[in-house]
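# Summary of structural features
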Amino acid sequence: MSTTERESREQITIVAVEPDQEKETPDLEEAPDGGLRAWLVTIGACCVLFSALGFSNAFGVFEEYYLRDQLEGESPDKVAWIGSLGVFLQLFFGSIGGPLFDRYGAWIIRPAAFLHVFAIMMTSLCKEYWQFMLAQGVLLGSVMGFLQFPALAAVSQFFNKKRAAALGIVISGSSIGGVVIPIALSKMLNGSSLGFGWSVRIIGFIMIPLLGFACVAIKARVPPRTTTFFLWSAFKELKFVLLTLALFFMLLGVFTPLFYIPTYAVSKGMDTTLASYLLAIINAASTFGRIIPGILADNFGRLNMFAFGGIASSIVIFCWDKAETTAELVVYSIAIGFSSGMVISSASAAFTECPSDPRDLGTYIGMGMAVSSFAALIGPPVNGMFVSKYGRFSEVSIFSGVMLLVGGIVALATKAATPKGLLGRV
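## Observations regarding the overall build of the protein
Along its length, the protein carries 17 helices and two strands. For the protein, the spread of C-alpha atoms along the principal axes amounts to about 80 × 45 × 35 Å. Every one of the 426 residues in the protein was classed for burial, and the buried ones make up 59%. Taking the intrachain contacts of the protein between residues at least 6 apart in sequence as the baseline, contacts between residues at least 24 apart amount to 83%. When the accessible surface of the protein is split by element, carbon and sulfur atoms take 67% of a total near 16600 Å².

## As for the nonpolar core
Core analysis: the largest hydrophobic core is formed by 129 residues, its most contacted members being F55, Y66, I218, F255 and F306. A per-element tally of this core places helix α8 (residues 129–158) first, with 16 residues. When residues no more than four places from it in sequence are discounted, the contact partners of F55 are F50, F62, I120, Q136, L140, M144, I181, I203 and M207.

## A closer look at the pattern of salt bridges
Tallied over the entire structure, the rule returns five salt bridges. Of the charged contacts, one joins E64 and R68 as a salt bridge, the two residues approaching to 2.9 Å between their closest N and O atoms. Separated by four residues within a single helix, E64 and R68 lie in helix α4 (residues 59–68), roughly one turn from each other. Relative accessible area serves as the criterion here: at 34%, R68 is assigned to the partly exposed category. Between E353 and R302 there is a salt bridge, with its nearest N and O atoms 2.8 Å apart. With E353 in the loop between α15 (326–351) and α16 (361–390) and R302 in helix α14 (residues 302–318), this pair connects stretches of sequence that are 51 residues apart.

## Here we look at the side chain of S199
Along the chain, S199 falls in helix α10 (residues 195–217). Of note is the side chain of S199, whose polar atom sits 2.6 Å from the backbone oxygen of G195. Once you skip the residues sitting within four places of it in the chain, S199 turns out to touch L185, M188, L189 and L194.

## Remarks on the packing of aromatic side chains
Under the defined criterion, the tally for this structure stands at 27 aromatic pairs. Where F93 meets F146, the ring centres are 5.8 Å apart and the plane angle is 40°; that geometry is what we call tilted. Of this pair, F93 sits in the loop between α5 (76–92) and α6 (94–104) while F146 sits in helix α8, and the two are 53 residues apart along the sequence. A residue is classified by how much of its surface remains accessible, and F146, at 18% relative accessible area, is buried. Following the ring pairs from residue to residue traces out a cluster consisting of F55, F59, F62, Y65, Y66, F132 and F196. In this structure, K78 packs its charged tip against the face of Y129, placed 4.7 Å from the ring centre.

## Thoughts on helix α11 (residues 238–254)
If you check α11, its first and last C-alpha atoms are 24 Å apart, about what 17 residues at 1.5 Å a residue would give, namely 24 Å. With 12 of 17 residues buried, α11 is to be regarded as a mostly interior element.

## Brief notes about the environment of G421
By secondary structure assignment, the location of G421 is in the segment after α17 (394–414). Note on G421: relative accessible area 18%, which makes it buried. Along the chain, G421 and R302 lie 119 residues apart, while their C-alpha atoms are 14 Å from each other. Those residues within four positions of G421 in sequence are excluded, and the remaining contacts are K415, A416 and V426.

## Some details on the packing of helix α13 (residues 272–300) against α15
Running from N to C, α13 and α15 point in directions that differ by 40°, and their axes come no closer than 6 Å. Taken together, the axes of α13 and α15 are oblique relative to one another. For the pair α13 and α15, the crossing hand works out as right-handed. Of the residues in α15, those in contact with L274, L278, I281, I282, A285, S286, F288, G289, R290, I292 and P293 of α13 are T326, L329, V330, S333, I334, I336, G337, F338, G341, M342, I344 and S345. Here the contact of α13 with α15 is built from residues that sort into 15 nonpolar, seven polar and one charged.

## Description of the confidence of the model for the protein
In this model, the protein carries a mean pLDDT of 83, and residues with pLDDT of at least 70 account for 93%. When mean pLDDT is compared element by element in the protein, helix α7 (residues 109–123) scores highest at 94, while strand β1 (residues 13–18) scores lowest at 38. In this model, residues 1–25 is a region of pLDDT below 50 whose contacts with residues beyond four sequence positions or in other chains number 31 contacts.

Parameters at a glance
- Residues numbered from 1 in each chain as written.
- Predicted model: local features only at pLDDT ≥ 70, side-chain atom pairs only at ≥ 80, totals over all residues.
- Heavy atoms only, no water.
- Helix = DSSP H or I, 4+ residues; strand = E, 2+ residues; numbered from the N terminus.
- Buried < 20%, exposed > 50% of the residue type's maximum accessible area, 1.4 Å probe, protein only.
- Contact = heavy atoms within 4.5 Å.
- Areas by Shrake-Rupley, 256 points an atom, 1.4 Å probe, with all protein chains shown as cover.
- Core = buried A, V, L, I, M, F, W, Y, C linked by side-chain atoms within 4.5 Å.
- Salt bridge = Lys/Arg side-chain N within 4 Å of Asp/Glu carboxyl O.
- Polar contact = N/O pair within 3.5 Å; in protein donor to acceptor, adjacent residues only side chain to side chain.
- Phe/Tyr/Trp six-rings, centres within 6.5 Å; stacked < 30°, edge-to-face > 60°.
- Lys NZ or Arg CZ within 6 Å of the ring centre and 35° of its normal.
- Expected span 1.5 Å × (residues − 1).
- Axes fitted to C-alpha atoms, helices over the stretch in contact; angles between N-to-C directions.
- Parallel < 35°, antiparallel > 145°, perpendicular 65-115°, else oblique.
- Left-handed = near helix turned anticlockwise from the far one by under 90°.
- Nonpolar A, V, L, I, M, F, W, Y, C, P; charged D, E, K, R; others polar.
- pLDDT = per-residue confidence, 0-100.

Here it is in structure tokens:
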């Protein structure tokens with residue numbers, strides 16, 4: 001090979017990012033969209049979501065148990081702050097976890113995995129409200145952000161045409177965790193003599209081999225970027241801003257069933273253990289709601305599925321207080337699980353439409369989720385206040401349904417900021 005040809009192959013294109021900054025973008029190989037390494041990363045990321053978001057999805061079991069045992073006498077909205085703070089922090093700290101992955105690779109997952117198990121063990125020792133808030137709310141929530149977003153960014157680097165489907169498979173890990181963990185917790189808390197401490201510790205021990213595998217399997221495909229930590233120029237892009245706003249409204253309502261379905265079911269006369277199983281049903285249904293729409297999104301458009309997920313979820317949540325019998329509650333849990341699953345999985349896929357450089361995927365996903373995360377902090381306690389004040393769930397249904405509907409409409413409007421327009425397959 002001649003010197004001229006070698007220099008041509010090594011040529012680097014300079015792309016302006018900020019007025020006072022230049023960003024080097026090397027010619028990167030096309031994403032493999034499969035292969036052993038890509039699927040190992042996908043399985044590892046699935047294990048991360050099982051352990052992190054899967055545990056977070058089980059908070060409805062904790063809420064119902066805290067209200068009648070550990071934190072008896074506390075109001076529903078006050079207990080909900082523990083879970084909502086955890087959800088907020090895991091999304092907020094994605095704004096740091098994502099850029100760390102883009103700059104330094106997958107090593108960030110290893111200390112986060114250790115701290116995740118440590119936080120669960122600390123939760124098992126808690127007895128007072130402030131202790132639960134620190135261990136389960138602050139520490140566990142913060143660590144999840146350093147686990148989930150590097151995992152999602154790593155998978156996005158290995159897939160392009162099949163990216164939404166791959167992310168759907170990854171996020172379905174949280175649904176599987178949301179099936180296994182609530183059932184296991186409910187059985188141990190309500191049907192055994194283990195007590196709260198050992199019930200939670202056993203869940204922590206289950207996560208150790210899963211997170212250990214993830215630490216080995218998850219790798220970065222592209223070289224790290226060396227520019228600024230945050231990409232503030234993203235907030236000048238209309239598409240990114242509208243997607244962030246759409247997700248903000250959706251997060252105000254989408255987590256509500258995960259927090260309050262068991263409490264609602266008990267208020268309708270359902271057995272406590274069976275009410276806890278409704279969470280498992282929601283998460284089992286959301287497994288299909290995350291995989292199937294993910295596959296469809298690669299063919300019909302990622303923004304289209306994101307918008308459809310928000311609108312469909314709003315319709316289902318508007319019908320919440322119409323489900324009263326056991327059979328109706330089971331069917332309703334399946335419906336809300338499938339529709340809400342679309343929101344969670346399609347949001348990550350939608351954000352991957354924004355960056356042109358695959359080395360920025362983690363930063364864009366993390367920053368978008370971080371800004372939207374304030375909604376997850378606000379939504380559940382606000383709904384808890386409705387329950388405390390009115391003693392029913394009609395107001396919860398209306399508030400959450402309207403927020404999801406607005407989010408779906410904003411997601412549709414986002415398509416106007418793309419070259420294909422509102423009617424395009426985006």
